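Overview (structure and organization)
One letter stands for each residue in the lines below.
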Amino acid sequence: MLEDKLLVWKFKHGSKEAFCRIYEKYRDDLLRLAISLLNEADVAEDVVHDVFTSFIQNANRFQLTGSLKGYLATCVANRARNVNQAYQRQQNPGLDASVPASSSSRPEKWIIISDEFRWLSNALVKLPYDQRETILLRAQGGMKFRQIAKSQSVPIKTVQSRYRIGLDKLRSMLNGEVTK
Amino acid sequence: MNTPDNIEKLIQNTVIHSNPDVNQAVLKELLQQFDNTREQKQAVMQPNIRRTIMKNRITKLSITAAVIGVVVLGLLEFVGTQSTSGVVWADVAKKVQASRGVIFRSTEHIVPDTYDQKSDFSMQYCTSTQSRLDGYKEGEIIKTIWGDCNTKTVILVDHLPSHKSYVKMTLEKMMPDRLRTADPNRWVQKFLSCQYKKLGQKTIDGVLCEGIETTDPAFYGGGNPPETPVARLWVSVETGYPVQFEGERVYDGQRHTCVQDQFQWDVELDESMFEPNIPADYIDISP
């Protein structure tokens, strides 16, 4: 979108206002994506904070070739994937079960989560991480399959398969919840 | 009963809220980081404005269309006018410089590219001080960019039905000579200032042309030149005007290719086509 391209142009030329606008425009979407991926608010908050910090630090090298939202969503997904892999290396079963306390210094919670969101997140976190990430990048990040395939470095058919299978599993889980 | 479509919509529509106080605190911290980063960069190096312009597609399109420049560098001294070929290359620069107005088509491709709303091609209309770019996709105009060197303003209009918006941008920090970095006049001058080889003759759209090619990184300039740059310029043997420009370069793993053709040189362009005509129902999204 032209507005994003203009914002990025101004941001790269030192406009604080442009950065504020980008932050306000995409902050909540990125927080939602991060917490959906990680199911842990403190870690999700740190991931989004780190993405914005990196965005600032790399402004001079940044080139927008797609949508800004897609780019930032990919950054969040990459960092979330790294966090998830780090915990897996520590042989933890999953972030939902055993995420260590965040080192965040923020005194208050950044994200305010509704019951509906928590209910959905609890189902999402039961999916394999690749399927969860694919579904969320598509549904929340607004990315196309080929963009997701590029960000995950896998063939597009793999992404489509992950999406379809993940959605079927999620449907089964949520329908099971409803019928209980 | 949830269906896959319903599930997708459920995920799309679920919202979270963020704490306004924490939002402000985080933003304040990020802005401090912003200031620190800017200060460090300024201490280390002056920004490479040209590269910034050339790497940003919107700016590049605007600048491409912005001006047909008037600067003739001293580089003509380096070019012999006693060429035995049909094209006197020094004269090409003079003819381009003297052109009252020019119309041309520009087609760009970036691979890999994830931007879906890119124009298939653009038609560009330039005088020495004004410009207009119409971006086409599937036969429809999807964007228009007006540039005015006198007022240093650029207006970008997004015609996509779902957008219908425009932004006004003032290039208050841009020096006029920097606005000329990507126009055809500049390219001709750059070609002649770089190491190049002659390609001989070929016919393009029925016009006998002579070409030159450069792989000199200096053609794209800047402190961070692209990998494997190639640029070719084809000029009509009969008229001495450029007929086709071809550029190719790799930046950050992306291959950029650009072809400019369908040139009409030294045309009188109606003033009215440079007057921004924005439909009343379009939204101003200028920040």
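Residues numbered from 1 in each chain as written. Chains lettered and ligands numbered in written order. Predicted model: local features only at pLDDT ≥ 70, side-chain atom pairs only at ≥ 80, totals over all residues. Heavy atoms only, no water.

1. As for the overall build of chain B
Going by this rule: Secondary structure follows DSSP: runs of H or I at least 4 residues long count as helices, runs of E at least 2 residues long count as strands, and numbering of each begins at the N terminus. Remark: exposure states derive from per-residue accessible area (1.4 Å probe, protein chains only) relative to the maximum for the residue type, with buried under 20%, exposed over 50%, and partly exposed in between. Residues count as neighbours in contact if any of their non-hydrogen atoms are within 4.5 Å of one another. Where accessible areas are quoted, they stem from the Shrake-Rupley method and a 1.4 Å probe; at the residue level, only the protein chains shown are allowed to cover.
Looking only at helices and strands, one finds 6 helices and 13 strands in chain B. When the 287 residues of chain B are sorted by exposure, 52% land in the buried category. Sequence separation of at least 24 residues holds for 56% of the intrachain contacts in chain B that already meet a minimum separation of 6. Total accessible area on chain B stands at roughly 13,700 Å², and carbon and sulfur atoms take up 50% of it.

2. Things to note about the pattern of salt bridges
Pairs can form between side chains of opposite charge whenever their charged atoms are close. Let me state the cut-off plainly: A pair is scored as a salt bridge if a Lys or Arg side-chain nitrogen falls within 4 Å of a carboxyl oxygen belonging to Asp or Glu.
Under the definition given, this model contains 18 salt bridges over all chains. The residue A:D28 makes a salt bridge to A:R27 at a minimum N-O spacing of 3.0 Å. For A:D28, a relative accessible area of 23% puts it in the partly exposed group. Within the structure, one salt-bridge network assembled from shared partners comprises B:K197, B:E213, B:R232 and B:E246.

3. With respect to the layout of surface pockets
Residues and elements named next belong to chain A. What counts, and what does not: Think of a 1 Å grid over just the protein atoms. A cavity is a set of points where a 1.4 Å probe fits yet cannot get out, a pocket is an open set with protein on both sides within 12 Å along at least five of seven lines, and lining residues have an atom within 4 Å of a point. Grid points are joined across faces, edges and corners, and a volume is the space filled by probe spheres set on the points. Three categories are distinguished: nonpolar for Ala, Val, Leu, Ile, Met, Phe, Trp, Tyr, Cys and Pro, charged for Asp, Glu, Lys and Arg, and polar for the others, with Gly belonging to the last.
One number sums up the size of the second largest pocket: a volume of about 530 Å³. In terms of lining residues, the second largest pocket is bounded by 20 residues, among which F62, Q63, T65, Y71 and K150 are the most central. Contributing elements (two or more residues each) for the lining of the second largest pocket: helix 4 (68-89) and helix 8 (145-152). Taken together, the residues of the lining of the second largest pocket sort by class into 5 nonpolar, 12 polar and 3 charged.

4. Here we look at the nonpolar core
Side chains of a nonpolar character, in soluble globular proteins, are inclined to be buried together. Note the following rule: Nonpolar cores are built from buried Ala, Val, Leu, Ile, Met, Phe, Trp, Tyr and Cys residues. Side-chain atoms within 4.5 Å join them into one set.
Within the largest apolar cluster, 66 residues are counted, with the highest numbers of intra-cluster contacts made by A:F11, A:F19, A:L37 and A:L68. The element contributing the most residues to this core is helix 2 (residues 16-38) of chain A, with 12 residues. In this view, A:L68 contacts A:D4, A:V8, A:I22, A:Y26, A:F55 and A:F62; residues no more than four positions away in its chain are not counted. Counting residues in each nonpolar core, the second largest holds 23 residues, with B:W89, B:A93, B:C194 and B:I212 among its members.

5. Considering the side chain of B:S165
Residues and elements named next belong to chain B. Tracing the sequence through the fold places S165 in strand 7 (residues 165-170). Residue classification places S165 among the buried residues on the basis of a relative accessible area of 1%. Residues contacting S165, with those up to four places away along its chain left out, are L156, V157, D158, Y282, I283 and I285.

6. What to know about the confidence of the model for chain A
Any residue range with low pLDDT should be treated as having predicted coordinates unsuitable for detailed reading. Residue and element names in this part refer to chain A. Selection criterion: Each residue gets a pLDDT score, which is the predictor's confidence in that residue and runs from 0 to 100.
For chain A, the average pLDDT comes to 80, and 84% of its residues sit at 70 or higher. At the level of individual helices and strands, chain A shows its lowest average pLDDT in helix 5 (residues 95-98), which scores 38, and its highest in helix 7 (residues 129-139), which scores 92. Here residues 91-107 is modelled with pLDDT under 50, and outside its nearest four sequence neighbours on either side it reaches 23 contacts, counting other chains as well.

7. Topic: unusual backbone geometry
With a phi close to 55°, A:N39 is a non-glycine residue in the positive phi region. Relative to the helices and strands, A:N39 is located in the loop between helix 2 and helix 3 (41-57). If you check the backbone angles, B:Q262 has positive phi at about 55° while not being a glycine.

8. A closer look at the packing of helix 5 (residues 89-98) of chain B against helix 6 (residues 184-193) of chain B
Residue and element names in this part refer to chain B. We count it as follows: Lines fitted to C-alpha atoms define the axes, with helix axes restricted to the stretch in contact, and inter-axis angles between N-to-C directions lie between 0 and 180 degrees. Should an angle fall under 35 degrees it is called roughly parallel, over 145 degrees roughly antiparallel, and 65 to 115 degrees roughly perpendicular, with every other angle called oblique. Crossing handedness is defined as follows: a turn of the near helix away from the far one that is anticlockwise and smaller than a right angle gives a left-handed crossing, while the clockwise case is right-handed.
Helix 6 packs onto helix 5 with a crossing angle of 160° between their chain directions and a minimal axis gap of 9 Å. Looking at the two axes, helix 5 sits roughly antiparallel to helix 6. For the element pair helix 5 and helix 6, the recorded crossing hand is left-handed. Side by side, helix 5 and helix 6 meet where W89, A90, V92, A93, V96 and Q97 of the first sit next to P184, N185, V188 and L192 of the second. Of the residues assigned to the contact of helix 5 with helix 6, the class counts are 8 nonpolar, 2 polar and no charged.

9. Description of the environment of B:A218
Residue and element names in this part refer to chain B. Its place among the elements puts A218 in the loop between strand 9 (207-214) and strand 10 (227-236). Distance in space between the C-alpha atoms of A218 and P229 is 9.2 Å, their sequence separation being 11 residues. Dropping the residues within four chain positions of it, A218 is found in contact with K190 and C194.

10. Some details on the packing of aromatic side chains
Put simply, the rule reads: Pairing of aromatic side chains requires ring centres within 6.5 Å, counting the rings of Phe and Tyr and the six-membered ring of Trp. Pairs whose planes differ by under 30 degrees are stacked, by over 60 edge-to-face, and all others tilted. In this scheme, Lys NZ or Arg CZ marks a charge over a ring once it lies within 6 Å of the ring centre and within 35 degrees of the ring normal.
For the structure shown, the criterion picks out 14 aromatic pairs over all chains. Measuring from ring centre to ring centre gives 5.2 Å for B:F104 and B:F263, while their planes differ by 25°; the resulting arrangement is stacked. Taken together, the positions of B:F104 in strand 2 (residues 101-111) and B:F263 in strand 12 (residues 254-264) put the pair 159 residues apart, joining distant regions of the chain. Just as B:F104 is buried, B:F263 falls in that class too. Among the aromatic side chains, those forming a connected cluster through ring pairs are A:F11, A:F19, A:Y23, A:F52, A:F55, A:Y71 and B:F34. Across from the ring centre of B:Y241, 4.5 Å away, lies the NZ or CZ of B:K95, which sits over that ring. Seen from the ring of B:W234, B:K202 lies directly overhead, with NZ or CZ sitting 4.6 Å from the centre.

11. Observations regarding the side chain of A:S36
Residues and elements named next belong to chain A. We count it as follows: Polar contacts here mean pairs of N or O atoms no more than 3.5 Å apart (in protein, one a potential hydrogen donor and the other a potential acceptor; neighbouring residues in sequence count only if both atoms are side-chain atoms).
Looking at the secondary structure, you find S36 in helix 2. Look at S36 and you get buried, because its relative accessible area is 1%. A polar side-chain atom of S36 sits 2.7 Å from the main-chain carbonyl oxygen of R32. With residues up to four places along the chain from it excluded, the contact list for S36 reads F117, S121, L124, R132, L136 and Q140.

12. Topic: the confidence of the model for chain B
Residue and element names in this part refer to chain B. On average, residues of chain B score 74 in pLDDT, and 72% of them reach the 70 mark or higher. In the model of chain B, helix 3 (residues 49-55) stands out as the element of lowest mean pLDDT, 36, in contrast to strand 9, which has the highest, 92. In this model residues 44-85 is a low-confidence stretch, pLDDT under 50, and it forms 114 contacts with partners more than four residues away in sequence or in other chains.

13. So, helix 8 of chain A
Residues separated by three or four positions in an α-helix point in the same direction, a consequence of the helix having 3.6 residues per turn. In terms of residue burial, helix 8 of chain A counts as a mostly covered element, since 6 of its 8 residues are buried. Listing the buried residues of helix 8 of chain A in full gives A:F145, A:Q147, A:I148, A:A149, A:S151 and A:Q152.

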